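Here are the chains, one letter per residue:
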Protein chains: 4
Amino acid sequence: MLKSIPDLRLVGRDRKPEGSIVRVGDVAVGGRRVVMMAGPCSVENVDQLRAVAWAIKSAGATILRGGAFKPRTSPYSFRGLREEGLHLLADIRRETGLPIVTEAMDTRHLEAVCAHADMIQIGSRNMQNYTLLEEVGRLRLPVLLKRGLSATIEEFLFAAEYVASGGNDQIVLCERGIRTFETITRNTLDLSAVPILKKLSHLPVIVDPSHGTGIWWLVPLLARAAVAVGADGLLVEVHADPDKALSDGNQSLRPDKFAAMMSELKPVAQAIGREI
Amino acid sequence: MLKSIPDLRLVGRDRKPEGSIVRVGDVAVGGRRVVMMAGPCSVENVDQLRAVAWAIKSAGATILRGGAFKPRTSPYSFRGLREEGLHLLADIRRETGLPIVTEAMDTRHLEAVCAHADMIQIGSRNMQNYTLLEEVGRLRLPVLLKRGLSATIEEFLFAAEYVASGGNDQIVLCERGIRTFETITRNTLDLSAVPILKKLSHLPVIVDPSHGTGIWWLVPLLARAAVAVGADGLLVEVHADPDKALSDGNQSLRPDKFAAMMSELKPVAQAIGREI
Amino acid sequence: MLKSIPDLRLVGRDRKPEGSIVRVGDVAVGGRRVVMMAGPCSVENVDQLRAVAWAIKSAGATILRGGAFKPRTSPYSFRGLREEGLHLLADIRRETGLPIVTEAMDTRHLEAVCAHADMIQIGSRNMQNYTLLEEVGRLRLPVLLKRGLSATIEEFLFAAEYVASGGNDQIVLCERGIRTFETITRNTLDLSAVPILKKLSHLPVIVDPSHGTGIWWLVPLLARAAVAVGADGLLVEVHADPDKALSDGNQSLRPDKFAAMMSELKPVAQAIGREI
Amino acid sequence: MLKSIPDLRLVGRDRKPEGSIVRVGDVAVGGRRVVMMAGPCSVENVDQLRAVAWAIKSAGATILRGGAFKPRTSPYSFRGLREEGLHLLADIRRETGLPIVTEAMDTRHLEAVCAHADMIQIGSRNMQNYTLLEEVGRLRLPVLLKRGLSATIEEFLFAAEYVASGGNDQIVLCERGIRTFETITRNTLDLSAVPILKKLSHLPVIVDPSHGTGIWWLVPLLARAAVAVGADGLLVEVHADPDKALSDGNQSLRPDKFAAMMSELKPVAQAIGREI
């Protein structure tokens with residue numbers, strides 16, 4: 001009933017029926033363990049980043065996320081610490097041992113991001129920035145590819161095919177909500193996409209319930225659902241003081257809420273034969 | 001952040017902060033136990049219905065669903081056994097003891113449906129059929145109200161308010177997928193809606209992963225996610241021979257798959273402190 | 001490239017390649033003349049209705065619209081004068097000679113609407129209320145069928161097929177905006193639907209720029225576009241004092257603006273070989 | 001009712017209430033004359049381009065469009081002649097005198113595009129490629145900015161603000177259809193956006209009915225509607241042999257159909273006090 005999509009030569013499931021494992025530092029994404037990636041939307045300063053990093057680590061997260069280059073709707077919003085943010089991420093990686101995932105918005109950011117990060121994120125707004133995809137395809141760094149706001153599943157997989165066709169097949173797909181008519185939530189998290197992506201492709205699939213809902217108290221609930229539906233990991237925004245966050249405060253969890261969420265996710269993962 | 005909606009005088013959460021329990025026959029919807037409603041899309045004949053009813057009962061379902069009046073896009077499609085279908089449902093209820101939920105599409109169906117069913121379903125296409133909502137509001141039968149294909153959460157709750165304002169507050173809300181640009185799935189199941197509906201309203205909320213996805217093998221996975229996100233119940237289509245079903249075969253589970261799904265759902269429900 | 005849709009047995013273009021003309025009173029919809037239907041969203045009282053009716057008539061409108069039964073999202077909004085509204089419409093028809101189009105929301109309204117109106121409107125929310133469509137199919141009154149908020153063009157045409165299969169082929173289709181992610185406008189007016197509907201079906205097609213935009217000052221501009229794209233008519237809300245309207249004031253034109261719009265539409269209609 | 005959007009410091013209407021005129025070569029966009037930009041989706045070879053260029057010029061088009069760098073969903077589709085395509089465009093400009101508009105997909109294309117083109121196009125998929133927008137903001141070349149597939153009007157205007165905040169205010173906005181649930185058309189052309197954009201911003205606004213519909217025979221009809229609604233120009237795909245086009249053949253007009261469209265558009269433009 002679900003036809004395989006022609007021309008997914010490299011990322012199609014039949015290429016690797018057993019599924020792929022993508023290694024980020026020493027963390028395996030795509031195996032039995034559900035991987036938690038967490039951290040602030042934007043890197044703001046070293047104290048903020050250090051506090052969040054240790055907090056998420058002690059709660060069980062294994063990869064630190066943090067934005068240095070920030071895509072923002074208005075040119076007058078805070079747009080990230082940029083190079084300085086990358087240095088702070090590298091510093092905190094040294095301190096905590098957590099591998100880093102951070103976004104590159106342009107081919108010209110790639111060198112700097114590669115120098116400091118363990119995984120490079122391609123954001124929703126750039127899912128069809130094909131020259132960026134091709135350049136990332138030439139790297140040896142794992143890629144976190146987020147679904148575009150109005151990308152069909154087929155278009156999403158072809159974006160991954162662009163990366164793979166450049167030679168880099170270390171790709172993790174991320175469902176992060178699509179744009180619909182509903183306005184209470186920032187986006188509509190499309191959890192059906194997770195098993196469909198896994199059926200059509202051998203790549204690991206994670207879920208971002210923070211952007212997917214835009215509402216912090218929904219995050220732990222949709223995280224549970226994402227684990228239950230079979231996601232290989234989660235990407236969650238955490239901030240020590242969400243009300244003062246320079247971006248996305250509304251959807252960020254405080255560290256204590258994050259730790260509580262991790263506790264709640266363990267039995268859900270076990271219930272479906274996985275761990276977190 | 002999520003403002004309560006003014007004018008939800010009867011179904012708003014503040015009216016009943018502890019939440020409502022709706023009784024369907026002797027089954028409580030809205031309590032600790034996640035309620036499984038299952039059965040064929042359309043009632044086709046007595047043998048089909050009997051076989052499915054016993055199968056779902058033995059697997060743990062407690063309410064039998066089955067369509068007698070069928071809304072169909074084309075006037076030339078099978079449109080249900082109508083009155084005869086209601087009689088068959090009543091017969092099988094007597095045999096199995098399972099309470100019945102079935103759809104009424106028009107005010108003129110109400111008398112017949114009331115005579116035979118334990119719960120009356122208002123389908124997606126009729127979510128804003130206000131005269132039907134008002135008439136149902138005058139009944140004493142519990143109501144299963146399905147979200148419209150492009151209804152916002154606010155419009156959905158106001159449809160429930162219509163029913164309640166007629167005097168009938170025995171209402172269960174059902175998220176069943178919304179219409180988006182994605183075409184692989186029949187609809188996009190909006191699981192974020194479940195906790196939002198429960199925050200804004202005291203009514204129980206269930207999920208229909210069959211219509212929500214349109215693809216049978218996704219149903220057990222999205223059912224797991226629905227339980228994990230906090231749904232009070234599930235509505236699932238089951239057919240002994242989906243390839244020969246007169247409607248919705250693509251999204252119907254065979255009885256053995258249904259039983260397997262029930263087994264898988266138990267530990268997920270337990271993981272969040274509920275049972276099924 | 002645009003395949004004809006199978007099973008549109010009665011409303012498909014091949015059934016009547018030259019196109020249909022639907023007569024409403026003595027007005028022909030579907031001919032060379034673009035027909036203007038105008039009037040208040042809701043009938044509020046006799047003075048309001050009379051003033052608007054004479055104003056639109058003197059500006060060149062040939063059919064009076066006015067809601068007696070009003071579908072409203074909240075049960076606590078003004079829901080129309082109902083039977084009394086029908087009587088007022090009939091009175092004003094006698095005075096002005098304008099044929100009347102008004103909505104029926106339920107099969108039980110049909111008798112009263114038939115007694116007073118020249119054309120029966122099926123609203124967007126009821127486009128898939130199949131029992132209503134079937135009953136309307138048994139009448140001899142012309143039908144104005146509005147596209148559902150999230151109805152595909154195919155579903156819209158099948159709704160017309162429902163009416164036609166009952167024996168009534170006096171149907172005018174109305175594009176009135178679809179639901180999308182854009183929030184500045186109430187709906188997104190889909191003008192591409194007009195020529196597609198006319199290609200796939202022989203029925204006349206009109207456009208409602210009032211509901212299609214929800215913003216009064218956009219109405220004359222989108223009305224021009226609708227005429228230019230080939231619509232056979234327009235349905236426009238007019239109110240003497242939009243700020244005090246009991247419904248849809250934001251999208252209603254004052255009579256002077258309506259008259260100005262009519263003047264502007266004449267050369268546009270001429271430019272494409274029609275008149276208004 | 002339509003609130004001005006804060007922080008549109010440079011492109012907001014209040015900054016220049018009389019509206020902007022953008023000059024492309026010696027063509028003024030935003031004045032009384034509706035500007036026609038036309039040409040092939042992709043530049044394929046010099047003969048193809050020359051034939052189309054002379055054909056559209058003789059029919060009244062004043063700017064030649066043609067893609068050298070082509071964003072394509074699949075990496076295995078034809079992706080344009082790239083640098084060679086730019087050279088061909090420059091050659092044909094010399095021959096015909098038509099100014100050229102062509103797309104840049106990456107900051108690294110900018111130098112080459114600037115060397116050959118009169119106007120630089122930012123495509124839908126790159127509407128929120130902020131580093132590209134910023135770089136284009138530093139150029140002195142006029143910019144054709146296309147609305148993203150699921151961009152709100154507000155997001156679209158902020159993308160223009162990005163360009164303007166870099167110092168380049170020679171921006172023309174292009175409505176080209178948004179993604180909705182309707183599948184017969186490739187996109188849903190949102191003509192309401194034209195007057196709203198013109199109300200909120202002083203920038204000229206054009207319409208692309210080729211991408212907006214995806215169906216060639218709809219193009220002339222929607223072009224008429226776009227002129228009627230007040231667009232300052234049109235962007236139309238023309239190909240001598242659409243069945244053999246390397247991209248977008250379905251939505252390309254043959255030169256004779258294009259010429260016929262131009263004739264039909266003249267009286268529509270006159271009807272609203274403009275010319276083409």
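Just above sits the structure.
Summary of the structure given here. Being a predicted model, the structure only gives us computed values, none of them experimental.

1. Focus on the pairing of strand 5 (residues 100-103) of chain B
All names here are of chain B.
Part 1 of the argument: Where burial is concerned, the two faces of strand 5 agree: the one with Ile 100 and Thr 102 and the one with Val 101 and Glu 103 are both buried.
Part 2 of the argument: Pairing geometry for strand 4 (residues 63-65) and strand 5, over two bridges, is parallel. In the strand pairing of strand 5, Arg 65 is matched with Val 101.
Part 3 of the argument: Taken together, strand 4, helix 2 (residues 83-96) and strand 5 constitute a β-α-β crossover, and its handedness is right-handed.
Part 4 of the argument: Relative to strand 6 (residues 119-122), strand 5 runs parallel, the two sharing three bridges. What sits directly across from Thr 102, in strand 6, is Ile 120.

2. Brief notes about helix 4 (residues 130-137) of chain B
All names here are of chain B.
Part 1 of the argument: Burial within helix 4 is extensive, with seven of its eight residues counted as buried.
Part 2 of the argument: Listed in full, the buried residues belonging to helix 4 are Tyr 130, Thr 131, Leu 132, Leu 133, Glu 135, Val 136 and Gly 137.
Part 3 of the argument: Check the buried side of helix 4 and you find it contacts helix 3 (110-116), strand 6, strand 7 (143-146) and helix 5 (153-165).

3. A closer look at the interface of chain B and chain C
Part 1 of the argument: Facing 33 residues of chain B, the contacting portion of chain C comprises 33 residues.
Part 2 of the argument: Carbon and sulfur atoms supply 46% of the area buried between chain B and chain C, which totals about 3,000 Å² over both sides.
Part 3 of the argument: Seen at the junction of chain B and chain C, the total is six salt bridges.
Part 4 of the argument: Close ionic contact of Arg179(B) with Glu155(C) constitutes a salt bridge, the shortest N to O distance being 2.7 Å.
Part 5 of the argument: At the boundary of chain B and chain C, one finds 22 residue pairs in polar contact (both at pLDDT 80 or more).
Part 6 of the argument: Contributing elements (two or more residues each) for the side of chain B that touches chain C: helix 4 and helix 5 of chain B.
Part 7 of the argument: Of all the elements, helix 5 of chain B adds the most residues to the side of chain B that touches chain C, at five residues.
Part 8 of the argument: Per-class residue counts for the side of chain B that touches chain C are 10 nonpolar, 11 polar and 12 charged.

4. Notes on the pattern of salt bridges
Part 1 of the argument: With the rule as written, the count across this model stands at 92 salt bridges over all chains.
Part 2 of the argument: Here Arg224(A) ties to Glu264(A) by a salt bridge, and the two come within 3.7 Å at their closest N and O atoms. Here the residue Arg224(A) occupies a position in helix 8 (residues 219-229), and Glu264(A) occupies one in helix 9 (residues 255-271), the gap between them amounting to 40 residues.
Part 3 of the argument: Residue Glu264(A) is classed as partly exposed on the basis of its relative accessible area of 35%.
Part 4 of the argument: Across the pair Asp256(A) and Arg254(A) runs a salt bridge, and its minimum N-O distance is 2.9 Å.
Part 5 of the argument: Of the residues examined, Arg254(A) reaches a relative accessible area of 37% and is grouped as partly exposed.
Part 6 of the argument: Linked by salt bridges that have partners in common, Asp106(A), Arg108(A), Glu135(D) and Arg138(D) make up one network.

5. Concerning the environment of Gly166(B)
Residue and element names in this part refer to chain B.
Part 1 of the argument: Its place among the elements puts Gly 166 in the loop between helix 5 and strand 8 (171-175).
Part 2 of the argument: Relative accessible area serves as the criterion here: at 32%, Gly 166 is assigned to the partly exposed category.
Part 3 of the argument: It is 7.7 Å that separates the C-alpha atoms of Gly 166 and Val 136, two residues lying 30 residues apart in sequence.
Part 4 of the argument: Ignoring anything within four residues of it in the chain, the contact list for Gly 166 reads Gly 137 and Arg 138.

6. Examining the pairing of strand 10 (residues 233-237) of chain B
Residue and element names in this part refer to chain B.
Part 1 of the argument: Of all five residues in strand 10, five are buried, a share of seventy percent or more.
Part 2 of the argument: Strand direction decides the pairing type here: strand 3 (residues 35-39) and strand 10, joined by five bridges, are parallel. By the bridge assignment, Met 37 is partnered in strand 10 with Leu 235.
Part 3 of the argument: Two elements, strand 9 (residues 205-207) and strand 10, share two bridges in a ladder whose sense is parallel. Its bridge partner lying in strand 10, Val 207 is registered against Leu 234.

Rules used throughout
Positions within a chain are numbered from 1, following the residues in the order the chain's sequence is written. Whichever chain is written first becomes A and whichever ligand is written first becomes 1, with later ones labelled in order. Only residues with pLDDT of at least 70 get local features here, since the model is predicted, and only at 80 or more are side-chain atom pairs given and counted; chain-wide, interface and lining totals rely on the full set of residues. Processing note: side-chain calculations cover all non-hydrogen atoms of the structure and skip hydrogens and water entirely. Burial here depends on accessible area, computed with a 1.4 Å probe over protein chains only, as a share of the maximum for the residue type. Under 20% is buried, over 50% is exposed, and the range in between is partly exposed. Each helix is a run of H or I in the DSSP string that is no shorter than four residues. Each strand is a run of E no shorter than two, and both are numbered from the N terminus. Following DSSP output, two strands are said to pair if at least two bridges run between them. By convention, orient the strands away from the viewer: a clockwise path from the first strand over the helix to the second makes the crossover right-handed. The contact rule is simple, with two residues in contact once any of their heavy atoms fall within 4.5 Å. Throughout, the accessible surface (probe 1.4 Å) given up by two parts as they are put together, summed over both, is called the buried area. Basic side-chain nitrogens of Lys or Arg form a salt bridge, by our definition, when they fall within 4 Å of a carboxyl oxygen of Asp or Glu. Contacts described as polar in this section are N or O atom pairs within 3.5 Å, which, within protein, must combine one atom able to donate a hydrogen with one able to accept it, while residues neighboring in sequence count only if both atoms come from side chains. Three residue categories are used. Nonpolar comprises Ala, Val, Leu, Ile, Met, Phe, Trp, Tyr, Cys and Pro, charged comprises Asp, Glu, Lys and Arg, and polar comprises the others, including Gly.

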